[in-house]
Amino acid sequence: MTGLETSAVTWGGTELSYTIRRSARREKTIAVTVDPAGSILVVAPERVGTDRLDTIVGRKAEWIVRRIRRAESHGPLLSPREFVSGESVRYLGRHYRLKVDAGETGSAKLRGGWLHVPAPGGSEDAARVRAGLVSWFRRRAAERLPERIEAWRAKAGVPMPRIKVVSQAKRWGSCDQAGTVRLNWRIIQAPMRLVDYVVVHELVHLRHRGHGRDYWQAVGRVMPDYERRRRDLRERGAFLVW
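Predicted, not measured: the structure shown is a model, and the values here were computed from it.

Engineer: I'd love a proper account of the sheet that holds strand β10 (residues 173-175), names of residues and values included.
Structural biologist: Strand order in the open sheet made by the three strands is β9-β11-β10, with mixed pairing throughout. The open sheet terminates on both sides in strands that have one partner only, identified here as β9 (162-166) and β10. Across the sheet, the axes of successive neighbouring strands diverge by a mean angle of 20°, strand direction being ignored. Sheet analysis places β9 next to strand β11 (residues 180-184), joined by five bridges and oriented parallel. Within β11, the position partnered with R162 by the bridge is T180. Against the sheet, helix α3 (residues 126-156) makes contact with β9 and β11, and its axis sits at roughly 150° relative to β9, the strand it touches most.

Pasting the structure below:
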């Protein structure tokens, strides 16, 4: 596999910029995908010219624009991740491009608009790429989430709790009677205002068990616009689980 390329076509006044990923495994077929962030990826054989790819993207432009609009409105369209160069990843609400560094070792690093993930076993090893991504996000979560706990705990009227960064497919956070707050590393992909909602949600639980009226009134005193943040997280949440 060679390095990344980009190109663009114009359709009805809309510029469709896309990333090209060359694959030695493909002989003839060309795949065009739009990920949940609205980014366009074209996977093509190594010898197919950019002019040919521009033509194909132009032919599929109407379909691409529909997918992009659905992604922008946080619609239900989800595509499975392949963990390949060119895919879009989120960190604190901003979109970055994944760059798989085949044959390299070490830890993932954010440089400019790219999140570089070493792949010692080769760039086609999706499992290793995913593991590198998860490790990077967990480290960022371990750094940033305690900061947000500290920023909100006084408003919530609770002491600094013990914090654990965990992996949960269906919960953003939880807490126990011993005063330990567990936060899902995946939330660090969301904008900070949604990270803060999850933090406040769990901090208030240290004083109010369950989700009764007293609980939500307490959340509202700490974060008056929590309902909007809660609604936004529900709309975006499916895009953060992989």
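Engineer: Give me the packing of helix α4 (residues 192-205) against helix α6 (residues 226-236): which residues, what numbers.
Structural biologist: Between α4 and α6, whose axes approach to 9 Å, the crossing angle comes to 110°. Viewed along their axes, α4 and α6 adopt a mutual orientation that is roughly perpendicular. Residue-level inspection shows R193, L194, D196, Y197 and V198 of α4 in contact with α6, the latter providing Y226, R228, R229, R230, D232, L233 and R236. Looking at the contact of α4 with α6 residue by residue, the classes come out as five nonpolar, no polar and seven charged.

Engineer: If you had to explain the packing of α3 against α4 to someone new, which residues and values would you point to?
Structural biologist: The interhelical angle for the contact between α3 and α4, taken along N-to-C directions, is 55°, at an axis separation of 9 Å. As far as their axial angle goes, α4 and α3 are oblique. Two packed elements cross with a definite hand, and for α3 against α4 that hand is right-handed. Here R144, L145, R148, I149, W152, R153 and A156 of α3 lie close against α4, whose contacting residues are M192, V195, D196, V199, V200 and L203. For the contact of α3 with α4, the residue count by class is nine nonpolar, no polar and four charged.

Engineer: Outline α4, supporting the account with residue identities and numerical values.
Structural biologist: When the terminal C-alpha atoms of α4 are compared, their 20 Å separation across 14 residues agrees well with the 20 Å that a helix rising 1.5 Å per residue should span. Counting buried positions along α4 gives 12 out of 14 residues, so the element sits mostly inside the fold. Considered for burial, the residues of α4 that qualify are L194, V195, D196, Y197, V198, V199, V200, H201, E202, L203, V204 and H205. Of the surrounding secondary structure, the elements contacted by the buried residues of α4 are α3, β10, β11, α5 (213-222) and α6.

Engineer: So what's going on with α3? Which residues, and what values?
Structural biologist: Taking 1.5 Å of rise per residue, the 31 residues of α3 would be expected to cover 45 Å, and the 41 Å separating its terminal C-alpha atoms lies within 8% of that figure. Where α3 bends most, at A142, the angle is about 25°, and the proline P146 comes one to four residues later. Phi for G157, located one or two positions after α3, is positive at around 75°.

Engineer: Break down the pairing of strand β3 (residues 31-34) for me, citing the residues and quoting the values.
Structural biologist: Going residue by residue along β3, you find V32 and V34 tucked away on one face and A31 and T33 left uncovered on the opposite face. Examined bridge by bridge, β3 and strand β4 (residues 40-44) share four bridges and lie antiparallel to one another. Bridging from a neighbouring strand, T33 pairs with L41 of β4.

Engineer: Describe in detail the environment of E27, supporting the description with residues and values.
Structural biologist: The residue E27 is located in the loop between β2 (14-22) and β3 in this model. Judged by relative accessible area, which is 72%, E27 ranks as exposed. Along the primary structure E27 and P120 are separated by 93 residues, whereas in three dimensions their C-alpha atoms are 25 Å apart.

Engineer: Could you give me a rundown of unusual backbone geometry, with the residues and numbers involved?
Structural biologist: Glycine aside, residues mostly have negative phi, and peptide bonds are mostly found in the trans state. In this structure, F83 is a non-glycine residue whose phi angle is positive, near 60°. With respect to the helices, strands and loops of the structure, F83 is situated in the loop between α2 (61-72) and β5 (88-91). Given the relative accessible area of 9%, F83 is considered buried. The phi dihedral of L92 is positive, around 50°, even though this residue is not glycine. Along the chain, L92 turns up in the loop between β5 and β6 (94-102). When its relative accessible area of 18% is taken as the criterion, L92 is described as buried.

Rules and cut-offs
- Residues numbered from 1 in each chain as written.
- Predicted model: local features only at pLDDT ≥ 70, side-chain atom pairs only at ≥ 80, totals over all residues.
- Heavy atoms only, no water.
- Pairing = 2+ DSSP bridges.
- Helix = DSSP H or I, 4+ residues; strand = E, 2+ residues; numbered from the N terminus.
- Axes fitted to C-alpha atoms, helices over the stretch in contact; angles between N-to-C directions.
- Contact = heavy atoms within 4.5 Å.
- Parallel < 35°, antiparallel > 145°, perpendicular 65-115°, else oblique.
- Nonpolar A, V, L, I, M, F, W, Y, C, P; charged D, E, K, R; others polar.
- Left-handed = near helix turned anticlockwise from the far one by under 90°.
- Expected span 1.5 Å × (residues − 1).
- Buried < 20%, exposed > 50% of the residue type's maximum accessible area, 1.4 Å probe, protein only.
- Bend = angle between axes of the 7 residues up to and from the residue.

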